[in-house]
Number of protein chains: 2
Amino acid sequence: MEYLWATYRLRVSEKEAKQRARTLALEQTVELPDPLVQDPFVRGHIMGHVEALEPDPEGGVRARIRYAASAIAANPAQLLNVLFGNSSLQPDVELWDVELSESVRGLFPGPQHGIAGLRALLQVWDRPLTCTALKPMGLGPEAIAELCRLFAEAGIDLIKDDHGLADHPFCPFAERVRRCQEAVEEAARRTGRRSQYAPNLIGRPEELEAQLGLARSLGVQVVLIAPMLVGLPVFESLVRRFPDMVFLAHPALGGAARIAPEALLGRLFRLLGADAVIFPHAGGRFAYDEATCTRIAERLRGPWPPLRPAFPVPAGGLHWERLEAALRFYGRHAILLMGSALYEAGPRIRERSRAFVENVQRLTIRSMRDDPTF
Amino acid sequence: MEYLWATYRLRVSEKEAKQRARTLALEQTVELPDPLVQDPFVRGHIMGHVEALEPDPEGGVRARIRYAASAIAANPAQLLNVLFGNSSLQPDVELWDVELSESVRGLFPGPQHGIAGLRALLQVWDRPLTCTALKPMGLGPEAIAELCRLFAEAGIDLIKDDHGLADHPFCPFAERVRRCQEAVEEAARRTGRRSQYAPNLIGRPEELEAQLGLARSLGVQVVLIAPMLVGLPVFESLVRRFPDMVFLAHPALGGAARIAPEALLGRLFRLLGADAVIFPHAGGRFAYDEATCTRIAERLRGPWPPLRPAFPVPAGGLHWERLEAALRFYGRHAILLMGSALYEAGPRIRERSRAFVENVQRLTIRSMRDDPTF
């Protein structure tokens with residue numbers, strides 16, 4: 001039999017832990033008290049099984065529960081359901097970690113390009129990638145495309161829409177994507193270096209599909225999507241059906257899920273197909289600490305066969321002064337996303353963008369001199 | 001101009017509140033510091049605006065922020081994004097309430113049948129509806145259909161799949177739905193009363209659509225779906241495209257969202273099209289208190305033109321002994337969902353199910369005698 005495991009943090013005393021964990025294992029599978037489950041197949045192949053209980057260093061208890069792979073029906077929505085469907089409604093539970101046996105991981109697409117694929121697309125092998133965002137929401141397609149052109153001319157590798165750019169009447173998706181794609185192509189003809197523009201897909205499934213189809217027809221190869229906004233199963237389905245596209249995943253709506261960011265962004269986003277995952281770097285506008293960021297990065301990049309490694313994309317207030325520290329923190333296999341820190345240069349945004357690109361190159365060389373394994 | 005409003009609970013001191021609320025309003029719209037937003041259209045039509053700050057009775061501050069309707073692009077994914085996309089990543093913020101002007105509400109489908117439509121379908125006007133669940137996950141289609149037959153013969157109005165029943169190899173969706181639908185139809189021929197079987201839709205968008213199409217072709221008129229598992233925009237899209245179906249919404253994965261249940265289940269689920277919304281009744285296996293349950297019910301049933309009222313469906317450990325209290329608590333316009341309390345009768349599940357139906361009738365008459373407005 002094949003299995004998956006979820007580790008939950010339970011805010012209960014050690015005395016209550018055993019009973020609480022058992023109730024949780026039932027809630028997530030049979031939704032009946034134990035004595036009412038008589039069927040031997042259900043008991044042996046469906047019911048969750050408490051495998052380990054240990055004190056949580058931060059208080060309460062960590063409970064590791066084993067589920068049979070058969071329960072998840074090879075389906076991303078049912079995977080979420082078994083991991084955290086009803087228990088999400090119980091405030092004493094947090095989903096802390098997720099593990100799947102190799103063949104269970106193989107039921108899901110994982111990154112179709114991952115670190116190596118995105119490096120090959122950009123032809124950048126020796127340094128962290130650079131990334132910025134087109135904003136604010138409210139600008140028209142011409143103004144957005146002008147910013148895109150500027151960033152491309154400055155040599156930034158990935159230029160993504162802000163995740164707030166939808167298909168607005170004042171900035172229609174089709175026109176924005178056409179103009180931005182033209183901008184990166186024109187810049188490439190002038191500079192000889194090709195940036196990738198990543199438009200934001202947002203909406204109902206049929207709209208996402210139309211947006212993706214249109215973007216692809218215009219030559220776009222990388223897209224931005226917020227899996228929690230559109231639905232994780234929708235995201236997975238797009239990855240499966242458009243395997244030639246690179247998916248950059250945005251964490252919007254993902255922090256509120258009482259699922260540890262390591263599990264949601266590090267494990268589930270990778271499992272379901274993100275080639276690169278944006279998350280808030282420690283010390284910015286958001287509250288993740290360095291240990292969390294390290295774990296997210298490890299889970300995205302570490303060996304997890306048969307799934308490819310994905311890029312961590314630290315963001316969320318990466319200040320100009322913190323660039324070197326962030327670069328050293330994540331090492332070479334990261335995408336450094338700098339948004340406001342470029343915009344705050346005002347009329348000198350072009351110079352600041354060039355300096356961003358040059359600094360990443362220079363700091364990489366310096367870091368490699370200090371640490372050849374960087 | 002048209003607007004929507006979000007009220008957030010901020011865990012900050014009153015002194016910090018003004019600045020924190022402003023930062024939040026920017027984060028959810030322009031994602032830039034205020035001085036960097038120069039464009040007059042963006043300032044006037046996109047940027048969030050802090051309208052009110054007041055102490056939260058439970059500590060911290062409540063901040064009411066106004067957003068321009070233009071920001072949400074008439075799209076459910078972008079609605080979520082503007083309400084709580086990035087802020088979900090900031091642990092000091094909870095989305096507490098959502099209000100939309102009438103014309104903004106009209107951008108979304110709301111319940112297509114609602115209370116009156118579901119009553120008309122079942123031809124029950126004078127009492128709360130009864131509901132139960134087919135479980136546990138792991139049973140085959142024959143065993144599930146036998147339970148369905150039994151509940152239908154007992155006269156239960158709505159018989160839904162447990163939300164853990166997916167398209168499993170051991171219980172394929174197509175066979176389960178065919179057998180269960182036959183069971184309710186045969187029971188109707190024998191008893192003269194037609195129960196409705198509601199299969200659980202779960203999966204990727206294309207699977208949901210196939211499941212819905214198949215169920216409809218077999219005569220199914222009511223379906224169960226967990227909008228947070230499949231994605232809220234996917235749910236809304238199904239409601240729009242299958243307006244003849246009644247959608248019963250399940251809260252799985254919805255409790256973890258650090259969005260108040262009143263806002264998520266009471267407002268957003270109704271806005272996006274739920275005809276009936278399941279939620280944990282106070283005192284059961286979950287942690288909602290009575291005040292929360294009252295607010296959820298009010299928001300589902302209260303006037304919110306142009307959207308129809310939706311049924312509250314209290315569940316989650318509705319014990320046998322608590323039936324009368326729950327019935328009096330919610331009044332006539334509710335669906336009382338009793339799962340485990342029927343199964344725990346073991347071999348007497350048939351008698352218990354009949355007693356459930358009879359008690360709801362009897363207790364309704366008694367309640368109406370005590371309170372003619374019941």
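Residues numbered from 1 in each chain as written. Chains lettered and ligands numbered in written order. Predicted model: local features only at pLDDT ≥ 70, side-chain atom pairs only at ≥ 80, totals over all residues. Heavy atoms only, no water.

Chemist: Looking at this structure, I do not really get the overall build of chain A. What am I missing?
Modeler: Along chain A, the regular secondary structure elements total 15 helices and 13 strands. Taking 21 Å as the expected radius of gyration for a compact globule of 374 residues, we find that chain A reaches 22 Å, a close match to that expectation. Viewed in the frame of its principal axes, chain A has a C-alpha envelope of about 70 × 45 × 35 Å. Per-residue burial over chain A gives 64% buried out of 374 residues. Surface accessibility of chain A: about 12800 Å² in total, with carbon and sulfur atoms responsible for 51%. For chain A, the separation between the mean place of its 45 positive charges and that of its 45 negative charges on side chains is 3 Å. (Helix = DSSP H or I, 4+ residues; strand = E, 2+ residues; numbered from the N terminus. Rg over C-alpha atoms; globule rule 2.2 N^0.38 Å. Buried < 20%, exposed > 50% of the residue type's maximum accessible area, 1.4 Å probe, protein only. Areas by Shrake-Rupley, 256 points an atom, 1.4 Å probe, with all protein chains shown as cover. Lys, Arg positive; Asp, Glu negative; His and termini not counted. Charge placed at Lys NZ, Arg CZ, Asp CG, Glu CD.)

Chemist: Which parts of the structure should I look at to understand the packing of helix α13 (residues 323–330) of chain B against helix α15 (residues 349–370) of chain B?
Modeler: Angle between the axes and distance between the axes are the two parameters that describe a pair of packed helices. All names here are of chain B. Where α13 meets α15, the axes come as close as 10 Å, and the angle between the chain directions of the two elements is 50 degrees. Our classification of the angle between α13 and α15 gives oblique. Note on packing geometry: the crossing formed by α13 with α15 is right-handed. Facing Leu-323, Glu-324, Leu-327 and Arg-328 of α13, the residues of α15 in contact are Phe-356, Asn-359, Val-360, Leu-363, Thr-364, Arg-366, Ser-367 and Asp-370. Along the lines of polarity and charge, the residues of the contact of α13 with α15 split into five nonpolar, three polar and four charged. (Axes fitted to C-alpha atoms, helices over the stretch in contact; angles between N-to-C directions. Parallel < 35°, antiparallel > 145°, perpendicular 65-115°, else oblique. Left-handed = near helix turned anticlockwise from the far one by under 90°. Contact = heavy atoms within 4.5 Å. Nonpolar A, V, L, I, M, F, W, Y, C, P; charged D, E, K, R; others polar.)

Chemist: Help me out: how do you make sense of the relation of the copies chain B and chain A in this one?
Modeler: Least-squares fitting of chain B to chain A yields an RMSD of 0.0 Å, with the superposition described by an axial translation of 0.0 Å and a rotation of 180 degrees. Here the symmetry operator amounts to a two-fold rotation axis. No C-alpha of chain B lies nearer the rotation axis than that of Gly231(B), which sits 1.8 Å from it. Comparing contact sets, 100% of the residues at the interface of chain B also lie at the interface in chain A, consistent with an isologous, same-surface contact. (Least-squares fit on C-alpha atoms with pLDDT ≥ 70 in both.)

Chemist: Sorry if this is basic, but what is going on with the pattern of salt bridges here?
Modeler: It is possible for side chains of opposite charge to pair when their charged atoms get near one another. All names here are of chain A. Evaluation of the coordinates by the stated rule reveals 68 salt bridges over all chains. A salt bridge links Arg-64 to Glu-51; the shortest N-O distance between them is 3.5 Å. Of this pair, Arg-64 sits in strand β3 (residues 61–68) while Glu-51 sits in strand β2 (residues 49–55), placing them 13 residues apart in sequence. Overall, Arg-64 belongs to the partly exposed group, its relative accessible area being 31%. The exposure class of Glu-51 is partly exposed, given its relative accessible area of 37%. In this structure, Arg-193 and Asp-157 form a salt bridge, with 3.1 Å as the shortest nitrogen-oxygen distance. Taken as a pair, Arg-193 in the loop between α7 (173–191) and β7 (196–198) and Asp-157 in the loop between α6 (141–153) and β6 (158–161) lie far apart in primary sequence, 36 residues in all. In this structure, a network of salt bridges that share partners links the residues Arg-9, Asp-56, Glu-58, Arg-62 and Glu-94. (Salt bridge = Lys/Arg side-chain N within 4 Å of Asp/Glu carboxyl O.)

Chemist: Where do I start with the interface of chain B and chain A in this structure?
Modeler: The extent of an interface is frequently quoted as the accessible surface area lost upon association of the parts. Every contact between the two is made by 75 residues of chain B and, on the other side, 75 residues of chain A. Summed over both partners, the interface of chain B with chain A buries about 5800 Å², with 62% contributed by carbon and sulfur atoms. When the area that chain B buries against chain A is broken down by residue, the three leading residues are Leu89(B), Met137(B) and Arg204(B), summing to 12%. Counting across the chain B and chain A interface gives four salt bridges. A salt bridge links Arg241(B) to Glu206(A); the nearest nitrogen and oxygen atoms lie 3.9 Å apart. Summed over the shared surface of chain B and chain A, the number is 20 residue pairs in polar contact (both at pLDDT 80 or more). Elements that contribute at least two residues to the side of chain B that touches chain A include exactly α2 (40–45), α3 (76–84), α8 (205–217), α9 (227–230), α10 (232–241) and α14 (340–343) of chain B. Grouping the amino acids of the side of chain B that touches chain A by side-chain chemistry returns 39 nonpolar, 21 polar and 15 charged. (Buried area = accessible area lost by both parts, 1.4 Å probe. Polar contact = N/O pair within 3.5 Å; in protein donor to acceptor, adjacent residues only side chain to side chain.)

Chemist: For this particular structure, what's the right way to read the side chain of Asn81(A)?
Modeler: Topologically, Asn81(A) is positioned in helix α3 (residues 76–84). In contact with Asn81(A), not counting residues within four places along its chain, are Gln28(A), His163(B), Gly164(B), Ile202(B), Leu229(B) and Ala252(B).

Chemist: Where do I start with the sheet that holds strand β8 (residues 200–201) of chain A in this structure?
Modeler: Across a sheet, paired strands are connected by hydrogen bonds in the backbone, their directions being either parallel or antiparallel. Residues and elements named next belong to chain A. Pairing is parallel across the open sheet formed by five strands, whose spatial order is β8-β9-β10-β11-β12. Only two strands of the sheet have a single partner each, and these edge strands are β8 and β12 (311–315). Bridging between strand β10 (residues 246–249) and strand β11 (residues 276–280) involves two bridges; their strand directions are parallel. When the sheet's bridge partners are listed, Leu-248 is paired in β11 with Ala-276. Across the sheet, helix α5 (residues 114–122) is in contact with β9 (222–225), β10 and β12; its angle to β12 comes to roughly 75 degrees. (Pairing = 2+ DSSP bridges.)

Chemist: What's the story with the packing of aromatic side chains in this structure? I'm lost.
Modeler: Under the definition given, this model contains 12 aromatic pairs over all chains. With a centroid separation of 6.2 Å and an interplanar angle of 50 degrees, the aromatic rings of Tyr3(A) and Trp5(A) are classed as tilted. With a centroid separation of 4.8 Å and an interplanar angle of 75 degrees, the aromatic rings of Phe329(A) and Tyr330(A) are classed as edge-to-face. These aromatic residues form a ring-pair network of at least three members: Phe279(A), Phe329(A) and Tyr330(A). One residue, Arg66(A), lies across the ring of Tyr3(A), its end atom 4.1 Å from the ring centre. Lying across the ring of Trp320(B), Arg352(B) places its NZ or CZ 4.6 Å from the centre. (Phe/Tyr/Trp six-rings, centres within 6.5 Å; stacked < 30°, edge-to-face > 60°. Lys NZ or Arg CZ within 6 Å of the ring centre and 35° of its normal.)

Chemist: Any chance you could explain helix α12 (residues 290–301) of chain B here in plain terms?
Modeler: Think of an α-helix as turning once every 3.6 residues; residues three or four places apart then point the same way. Residues and elements named next belong to chain B. An ideal rise of 1.5 Å per residue puts 16 Å on 12 residues; α12 measures up with 16 Å between its terminal C-alpha atoms. Of all the positions in α12, only Thr-292, Cys-293, Ile-296, Ala-297, Arg-299 and Leu-300 are classed as buried. Down the axis of α12, the sector holding all buried residues measures 165 degrees, keeping them to one side. Against β4 (93–100), α11 (261–272), β11 (276–280), β12 (311–315) and α13 lie the buried residues of α12. (Expected span 1.5 Å × (residues − 1). Arc of directions from axis to C-beta.)

Chemist: What am I meant to see in helix α1 (residues 14–27) of chain A here?
Modeler: Residue and element names in this part refer to chain A. For α1, spanning 14 residues, the distance from its first C-alpha to its last is 20 Å, which sits close to the expected 20 Å at 1.5 Å a residue. Looking at α1, one finds that the buried residues are Ala-17, Arg-20, Ala-21, Leu-24, Ala-25, Leu-26 and Glu-27. In this structure, the buried side of α1 is in contact with β1 (3–10), β2, β3 and β4 (93–100).

Chemist: Would you take a moment to explain the packing of helix α10 (residues 232–241) of chain A against helix α11 (residues 261–272) of chain A for this structure?
Modeler: Residues and elements named next belong to chain A. It is at 9 Å that the axes of α10 and α11 come closest, and there the two elements cross at 45 degrees. Comparing their axes, α11 and α10 come out oblique. Residue-level contacts link Leu-232, Phe-235, Glu-236 and Val-239 of α10 to Leu-264, Phe-269 and Leu-272 of α11. Classifying every residue of the contact of α10 with α11 gives six nonpolar, no polar and one charged.

Chemist: What am I meant to see in the confidence of the model for chain A here?
Modeler: The predicted coordinates of low-pLDDT regions are not to be read in fine detail. Predicted confidence across chain A gives a mean pLDDT of 89, with 98% of residues reaching 70 or more. Across the predicted assembly, pTM comes out at 0.85 and ipTM at 0.81. (pLDDT = per-residue confidence, 0-100.)

Chemist: Help me understand the pairing of strand β5 (residues 129–134) of chain A, please; the structure alone is not making it clear to me.
Modeler: Here is the key point about a regular strand: its side chains alternate between the two faces of the sheet. Residues and elements named next belong to chain A. Counting buried positions over the six residues of β5 gives six, a clear majority of the element. Relative to strand β13 (residues 335–337), β5 is paired through three bridges, and the arrangement is parallel. Residue Thr-130 lies in a different strand from β13, and its bridge partner there is Leu-336. Two strands pair when backbone bridges link them, and β5 and β6 are joined in this way by four bridges, in the parallel orientation. Looking across to β6, one finds that Thr-132 is bridged to Ile-159. Regarding the hand of the β-α-β motif, the stretch spanning β5, α6 and β6 is right-handed. (Right-handed = clockwise from strand over helix to strand, strands pointing away.)

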